[in-house]
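As a plain string of letters, each chain reads:
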Amino acid sequence: MPHPAPSWASLSQSERLADAPVVRRGGCWWLVSSSGAMLASDRAFTGELDRFATDMAGANRAVADLPNERDASDTPVREVQR
């Protein structure tokens, strides 16, 4: 008889950190897999996860701003006549 999937296994991709098997809930980082979850308690490791999450958020904001910059550059430039 198959075991039911744990609630952690049903996380959407948007809840994961960059498609990695980690998620932050309640101020804590959790390592997740289809067989369960484990609280990440190593301060050095969770500190790196915090920094990575901050960097990813900054990158996502920068990418979100790209269409605005591209709109301004889509204006055709007239060629100079010789």
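Each remark here, short or long, concerns the structure printed above.
Report follows, based on the coordinates. Predicted model, so just to flag it, every value in this text is computed and none were measured.

The next thing to look at is the overall build of the chain. In terms of regular secondary structure, the chain is built from one helix and three strands. Along the chain, helices and strands appear, N-terminal first, in the series β-β-β-α. Going through the 82 residues of the chain one by one, you find that 16% of them count as buried.

Let's shift gears to the nonpolar core. A general trend in soluble globular proteins is that nonpolar side chains are found buried together. Core analysis: the biggest nonpolar cluster contains five residues, these being Leu-17, Val-22, Trp-29, Ala-40 and Leu-49. Not counting residues up to four positions away in its chain, the partners in contact with Trp-29 are Leu-17, Val-22, Val-23, Arg-24, Met-38, Leu-39, Ala-40, Thr-46, Leu-49, Asp-50 and Ala-53.

Phi at Ala-18 is positive, roughly 50°, even though this residue is not glycine. Mapped onto the secondary structure, Ala-18 falls in the segment before β1 (22-25). For Ala-18, a relative accessible area of 40% corresponds to the partly exposed category. Here the phi dihedral of Asp-19 falls at roughly 60°; this positive angle occurs in a residue that is not glycine. For Asp-19, the location among the structural elements is in the segment before β1.

We now examine the pairing of strand β2 (residues 28-33). Bridge count for β1 against β2 is four bridges, and the pairing is antiparallel. Opposite Val-23, over in β2, you have Trp-30 as the bridge partner. Between β1 and β2, which pair antiparallel one after the other, the connecting turn spans two residues, and Gly-26 there sits at a positive phi close to 60°. Where β2 folds back onto strand β3 (residues 36-39) in an antiparallel hairpin, the turn is made up of two residues.

With respect to the secondary-structure elements, Leu-17 resides in the segment before β1. On the accessibility criterion, Leu-17 (11% relative accessible area) is buried. Sequence-wise, Leu-17 and Ala-57 are 40 residues apart; in three dimensions their C-alpha atoms are separated by 9.9 Å. Ignoring any residue separated from it by four or fewer positions in sequence, one finds Leu-17 in contact with Val-22, Trp-29, Leu-49, Phe-52, Ala-53 and Met-56.

Conventions we followed
- Residues numbered from 1 in each chain as written.
- Predicted model: local features only at pLDDT ≥ 70, side-chain atom pairs only at ≥ 80, totals over all residues.
- Heavy atoms only, no water.
- Helix = DSSP H or I, 4+ residues; strand = E, 2+ residues; numbered from the N terminus.
- Buried < 20%, exposed > 50% of the residue type's maximum accessible area, 1.4 Å probe, protein only.
- Core = buried A, V, L, I, M, F, W, Y, C linked by side-chain atoms within 4.5 Å.
- Contact = heavy atoms within 4.5 Å.
- Pairing = 2+ DSSP bridges.

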